[in-house]
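The residues making up each chain are set out below.
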Amino acid sequence: MNTDNNNIYLAVDYGASKALMMIAEKKYDGKLHIIGMEEEKMSDIIVPAHTFKAQRQRCVNRCDNVESFKLCYKGYSCQSLRSFPGKLFQVKKNIDGSFITESTLHDLDVQCISEIEANNSEYTPLAVKAVKYYVDDEETLQQPVGRICSSLRADYICVFGKRTFFTREELSENDIRLSVSPLVMAEQLLSDRDRNGCMLIDFGAKLTTMVVCFQGKIQHVATIPLGGRNITLDIANILGIPEDDAEHNKITLGNANSDVVGSENKTININGKEVEFSLEGLSQIIAARENEILDYIWRELRQLNCFDKLSEGVFITGGASQMRGLDELIAKRQVKVKHINLEQFLDTTSGISYKNPKYAHIIAQLLQATNNCAVFKPEEIPVVEPIAVPTPQEVSQNENNQGFAPELNSTIENAKTKTPPKGRGFFGGIKNSLGNLFNDQEDNE
């Protein structure tokens, strides 16, 4: 596809079941135009280098004017991601009466990660988020950029990952902008008002991730190693049917809210064998596993003691969030439930398939991108044939009637031999005019 924007963004998201790579342009209104996507199934967070390179090359092939990609925004989401409820890390920096800048805050973030890493051998600190600043010991929830102070202190939450999944060398790749996908989703898909008090739940195939926000800040992140595939396996085991058939019936007949499902029975044919089950029984299988996932999430909320702070409710996304009746099941826990609408972030020319909530992670990665990722092919400059300029000798030759067209030569010869009319001058002109006048009168008689 040919592109007319100077900025093309490349993002990849490594989840528990697949690796997605997507390329997009960002329009002037901030919305994304999706150019294309590559998807790879995976069983581990570690993606072989040749897989990553092959995906990237296929993305290059989708753009007529892109030669290669020099940068990639990469997000992680795996079962080891979590912060610790109520655990804050404090870092202090002397400013010595200077202005606080964005660079100052970045240095404070780096200092925090370094100090945490030095004192932790089991987990790798992947990201830190300041929840509170102290400017000369004065508490503020807002970023203090532009203020003058002697010292700056901050309280951080830290998102960790198992060291078996992450190494510091991988996190510092020059051509990678690494981020933790749940954090990016909360920052890009939620509004400032939403972050004043809400919870974002991402229902995936193998994992469910929660992000809690209040006071405008991300306060907690946790992953539960259960997802939509566990529901599929439950159905397959209880009904004694293959996993593919269990997935199909979960999608087409399943409902997480058993209160609205009747006692109707269904019969399906599996390899020539008829299997009968009730829709109510299918719904109960689904609801049991969904409630187990929600119980884990509510346990995290109790540790945070923040039920009264979720004024904006619960936002849900992810591929498994499309389970019918899931929003109604969550609402039974006395919270407002809303679906994240990805359509608001995409232009009208992007395919409808990209609005699927299973792409929420990678859409968020592209929304946060600010640096062009593409190396463009050099523009082909059309060759212009030079215009022949006659030399002085050629000009002189043309003046001697050489080189002109025959008709033009004839006209020049006639002009040279023509005798000027007699009686030129003022009186001659009067004489000729009077003569012509008498001639005209004679002609009219």
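Below: a short report on this structure. (Residues numbered from 1 in each chain as written. Predicted model: local features only at pLDDT ≥ 70, side-chain atom pairs only at ≥ 80, totals over all residues. Heavy atoms only, no water.)

**Things to note about helix H9 (residues 360-368)**
A large share of H9 lies buried, amounting to 8 of its 9 residues. Taken as a whole, H9 has its buried residues at Ala360, His361, Ile362, Ile363, Ala364, Gln365, Leu366 and Leu367. (Buried < 20%, exposed > 50% of the residue type's maximum accessible area, 1.4 Å probe, protein only. Helix = DSSP H or I, 4+ residues; strand = E, 2+ residues; numbered from the N terminus.)

**Concerning the sheet that holds strand S10 (residues 176-180)**
Across the sheet, which stays open at both edges, the 5 strands sit in the order S3-S2-S1-S5-S10 with mixed pairing between neighbours. With partners counted over all chains shown, the strands left at the sheet margins are strand S3 (32-41) and S10, one partner each. When the angles between neighbouring strand axes are averaged without regard to direction, this sheet yields 20°. Packed onto the sheet, helix H4 (residues 181-189) meets strand S1 (8-14), strand S5 (72-76) and S10 and runs at close to 80° relative to S10. (Pairing = 2+ DSSP bridges. Axes fitted to C-alpha atoms, helices over the stretch in contact; angles between N-to-C directions. Contact = heavy atoms within 4.5 Å.)

**Notes on the pattern of salt bridges**
Counting across every chain of the model gives 16 salt bridges. One salt bridge in this structure joins aspartate 192 and arginine 195, with 2.5 Å as the shortest N-O distance. Since its relative accessible area comes to 57%, aspartate 192 is described here as exposed. According to the relative accessible area criterion, arginine 195 is buried, its value standing at 11%. Arginine 289 is the partner of glutamate 292 in a salt bridge, and the nearest nitrogen-oxygen pair spans 2.8 Å. Of this pair, glutamate 292 and arginine 289 both sit in helix H7 (residues 279-304), 3 residues apart, roughly one helical turn. Assessed through its relative accessible area of 30%, glutamate 292 is described here as partly exposed. (Salt bridge = Lys/Arg side-chain N within 4 Å of Asp/Glu carboxyl O.)

**Description of the sheet that holds strand S7 (residues 123-135)**
Whenever strands of a sheet pair, they do so through backbone hydrogen bonds, lying parallel or antiparallel. On the basis of which strands lie adjacent, the open sheet formed by 4 strands has the order S6-S9-S7-S8 and antiparallel pairing. Lying at the two open borders of the sheet, with one neighbouring strand each, are strand S6 (89-99) and strand S8 (138-140). When the angles between neighbouring strand axes are averaged without regard to direction, this sheet yields 40°. Pairing of S7 with strand S9 (residues 148-162) involves 11 bridges; the strand directions are antiparallel. Along S9, the bridge assignment pairs tyrosine 134 with arginine 153. Against the sheet, helix H2 (residues 102-118) makes contact with S6, S7 and S9, and its axis sits at roughly 150° relative to S6, the strand it touches most.

**Quick word on the nonpolar core**
One finds Met22, Ile34, Phe69, Leu189 and Ile363 to be the most contacted residues of the largest nonpolar core, which totals 62 residues. Aside from chain neighbours lying at most four places away, what touches methionine 22 is Tyr9, Leu10, Ala11, Ile34, Gly36, Met37, Tyr354, Tyr359, Ile362, Ile363 and Leu366. Counting 39 residues, the second-largest nonpolar core is a separate cluster that includes Phe214, Phe277, Leu282 and Trp298. (Core = buried A, V, L, I, M, F, W, Y, C linked by side-chain atoms within 4.5 Å.)

**Concerning the side chain of aspartate 202**
As for its position among the elements, aspartate 202 is in strand S11 (residues 197-203). Among the polar contacts listed, one links the side chain of aspartate 202 to the side chain of histidine 361, at a separation of 2.4 Å. The residues touching aspartate 202, leaving out its near neighbours within four places in the chain, are Met185, Leu207, Thr208, Thr209, Thr317, Gly318 and His361. (Polar contact = N/O pair within 3.5 Å; in protein donor to acceptor, adjacent residues only side chain to side chain.)

**Re the packing of aromatic side chains**
In total, this model carries 3 aromatic pairs according to the counting rule given. When the ring of phenylalanine 89 is compared with that of phenylalanine 160, the centres are 6.1 Å apart and the planes differ by 65°; the resulting orientation is edge-to-face. In this pair, phenylalanine 89 is assigned in strand S6 and phenylalanine 160 in strand S9, connecting sequence segments 71 residues apart. The exposure classification of phenylalanine 89 matches that of phenylalanine 160, with both residues buried. A ring pair is formed by tyrosine 354 and tyrosine 359, whose centres lie 6.3 Å apart and whose planes are at 50°; its orientation type is tilted. Accessibility expressed as a relative area gives 6% for tyrosine 359, which makes it buried. By way of ring pairs, the aromatic residues Phe84, Phe89 and Phe160 are connected into one cluster. Between the NZ or CZ atom of lysine 87 and the centre of the ring of phenylalanine 89, over which it lies, the distance is 5.2 Å. Above the face of the tryptophan 298 ring, arginine 333 is positioned so that its terminal group lies 5.2 Å from the ring centre. (Phe/Tyr/Trp six-rings, centres within 6.5 Å; stacked < 30°, edge-to-face > 60°. Lys NZ or Arg CZ within 6 Å of the ring centre and 35° of its normal.)

Spatial relationships are all this shows, so hold off on functional conclusions.
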